[in-house]
Amino acid sequence: MIDQEELQHLREQVDIVDVISSYIPLTQKGRNFFGVCPFHDDNHPSMSVSREKQIYTCFACGASGNVFKFIMDYEHVSFREAVSKVATIAGVETHFQIHQARQTPSRYQEYYDAYEFACRLYQNNLHTKSGQAALEYLKKRQIDDACIKEFEIGYATRESQTLTTLLQGKNYKKDTLLKSGLVVENAYGLSDIYVDRVMFPLWNLEGKVVGFSGRLYNDEKQFKYINSKESEIFKKGELLYNYHRAKEEARKKNQIILMEGFMDVIRAHTIGVKNVVATMGTAVTKEQASHLKRLAKEVIICFDGDAAGAKGTASCIEELLNLGVTPKVVRLENQLDPDDYIKQYGKDAFLRKLNNPMSTMDFKLEYYKKDKDLSDSGDLTHYVKEVITELSKIHDEVLREVTLKKIHDESGLEISFLKEQLEKQKEQKETTSVLEIKEKKIEKKRETKYEKAEKALLYYMLRDEGAIRIYEEEVTFMPTKEYRNLAREIDLFYNNYHHMELADFMTYISGKEKMEEALSTIVSLPLKEEAQKEELRDYARVIREYTVKNEIKRLQKEMAGASLEEKTRLATRIVELRLGDR
Ligand SMILES: [Zn+2]
């Protein structure tokens, strides 16, 4: 159990401004500090950090929280780990650190345990007699012992029930086994999914094994992997292979290299390139792109040298540009993937490639030119249009000029004409985004007056104990479920700890997602700091009005089938309600 008071004490030992400014640059303006929010795509300083309240809020995306929440979201760590990091910063030892070695109980713990167990079993197998051929295969692919150890590579034997039987011995239920993705049911009962394969574990962002890629090793021509199917703990689109190992190095170098496959990452590791992760496929999801953005300022995409790799690179650039990141690109000759390239041309040749990446624009020029004949006017028109569209997304003026000059040279079109086209393209884009913003505003306006009052009252309950008392005395029921729950929790917190400190309340509800979401909305409301008692009473009155209205509706319905005597009683009650008697 988490001791709220100890957490509060710990939180008070550090200053959120110091902690956040060790991650992102902050500048002071008035009472608050501002920086570029790391939780959404932006280049403007929309995140404000309050020394007074010890919280941060982003006006653009609504992210908000205390020092623990910031570290959790920034570093992708659990609450416990965030607490432990804060303790380290504060230079104190907490019992969270002492007990950290113990596993954090999670609702998926059984699955994590099963994967951890399987991973160790497979590693062990590789060094037994039955694993000999697999080990030889790895050696043949120039994967040495250090590498095998580092990447926890293993072997699933020919026995098809070893893992299943062992897990059953640990009291795993059939249902859990099947859901885990390690066990399958067939005509003979339950058996292991992976049989006679070299096993590469896949980790989540925290470094827990959540899946495997099992590779056939006895037939070089048969390029076959079986990847774990998606499960409760394995969501392919959310993880990046090697993330937990690469993040330190990536932050140090402020550079992250993105590859397609895990073998590429392992190979890069052998030549000392450690700030590297893989997508495990060519498509990059929005989540993966934002993980990359958080890791480092410079992102280098180094996909396979084939056509699929080029296509994947183009779409990955798109995802990153959407987040305000302009990546660089490395393309490998002869359609090679990084693994083969390094094996064929060696470390130095590959490092030269990495040290001289192409700009996004140069890659795009190459990419759009491919399969086109620029002496053909149809192809040329198509090409120029594509490049102009790309250019409209680029904010770097120098890069824009340089590229315009390049298309001028290639197409013979006047630079002034190209610029005109570019302006038109940009105008079009701006009109669409203005429309989008308008639509969003209209949506927001549909909020009822009750909702508005609920939100305002909650806003002041978080900073003014008087507002909590008004809530206790004058509001019996909040119409919106999320706000109702939040109000109850605030009240509970206040009655437990006899004070209302927002930063501590945030710790208190940590992990309750719905409530955290509601709290974010409330905290980032553009309301003034303090409210008069009369104002607070007004909010309470509006909220009460909702309850009264509903009660009247209910009574009116009841009247329909009631006796005369009953009707009179109900009518009196309605009149009373209308007159404001609760
Ligand atoms: Zn934000």
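As the structure is a prediction and not an experimental result, all values here were calculated from the model.

1. As for the packing of helix α1 (residues 4–13) against helix α4 (residues 79–90)
Contact pair α1 / α4: the axes reach a minimum separation of 9 Å and the direction vectors enclose 45 degrees. Relative to α4, α1 is oriented oblique. Here α1 runs over α4; the crossing is left-handed. Listed contacts from α4 to L7, L10 and Q13 of α1 are V83, V86, A87 and A90. Residues that form the contact of α1 with α4 fall into these classes: six nonpolar, one polar and no charged.

2. Observations regarding the sheet that holds strand β10 (residues 209–215)
With antiparallel pairing, four strands are arranged side by side in an open sheet as β6-β9-β10-β11. On the outer flanks of this sheet lie β6 (154–156) and β11 (225–227), each paired with one strand and no other. The average undirected angle you get between the axes of adjacent strands in this sheet is 35 degrees. With respect to the sheet, helix α6 (residues 109–126) is in contact with β6, β9 (197–203) and β10, its orientation differing from that of β6 by roughly 95 degrees.

3. A look at α6
Given a rise of 1.5 Å per residue, 18 residues ought to cover 26 Å, and the 26 Å separating the end C-alpha atoms of α6 matches this to within 8%. All of the buried residues along α6 are E110, Y111, A114, Y115, A118, Y122, N125 and L126. Here the buried residues of α6 occupy an arc of 135 degrees about the axis, which is enough to place them on one side. What points out from α6, more than 90 degrees from its buried face, is the exposed set Q109 and N124.

4. Topic: unusual backbone geometry
Positive phi outside glycine occurs at Q142, with the angle close to 60 degrees. Mapped onto the secondary structure, Q142 falls in the loop between α7 (132–140) and α8 (145–150). For Q142, a count of 12 C-beta atoms within 10 Å translates into the label exposed. Even without being a glycine, Q335 presents a positive backbone phi close to 55 degrees. Note on placement: Q335 falls in the loop between β15 (328–329) and α15 (338–355).

5. Some details on the sheet that holds strand β13 (residues 276–278)
The strands that make up a sheet pair up through hydrogen bonds in the backbone, lying either parallel or antiparallel. The strand order across the open sheet built from five strands is β13-β12-β14-β15-β16, with neighbouring strands paired in mixed fashion. Each edge of the open sheet carries a strand with a single partner, namely β13 and β16 (358–359). As paired strands, strand β12 (residues 255–259) and strand β14 (residues 298–301) are joined by four bridges and run parallel to one another. Note that in β14 the partner of Q255 across the bridge is E298.

Thresholds, definitions, all that
- Residues numbered from 1 in each chain as written.
- Predicted model: local features only at pLDDT ≥ 70, side-chain atom pairs only at ≥ 80, totals over all residues.
- Axes fitted to C-alpha atoms, helices over the stretch in contact; angles between N-to-C directions.
- Helix = DSSP H or I, 4+ residues; strand = E, 2+ residues; numbered from the N terminus.
- Parallel < 35°, antiparallel > 145°, perpendicular 65-115°, else oblique.
- Left-handed = near helix turned anticlockwise from the far one by under 90°.
- Contact = placed C-beta atoms within 7 Å.
- Nonpolar A, V, L, I, M, F, W, Y, C, P; charged D, E, K, R; others polar.
- Pairing = 2+ DSSP bridges.
- Expected span 1.5 Å × (residues − 1).
- Buried ≥ 20, exposed ≤ 12 C-beta atoms within 10 Å, placed from the backbone.
- Arc of directions from axis to C-beta.

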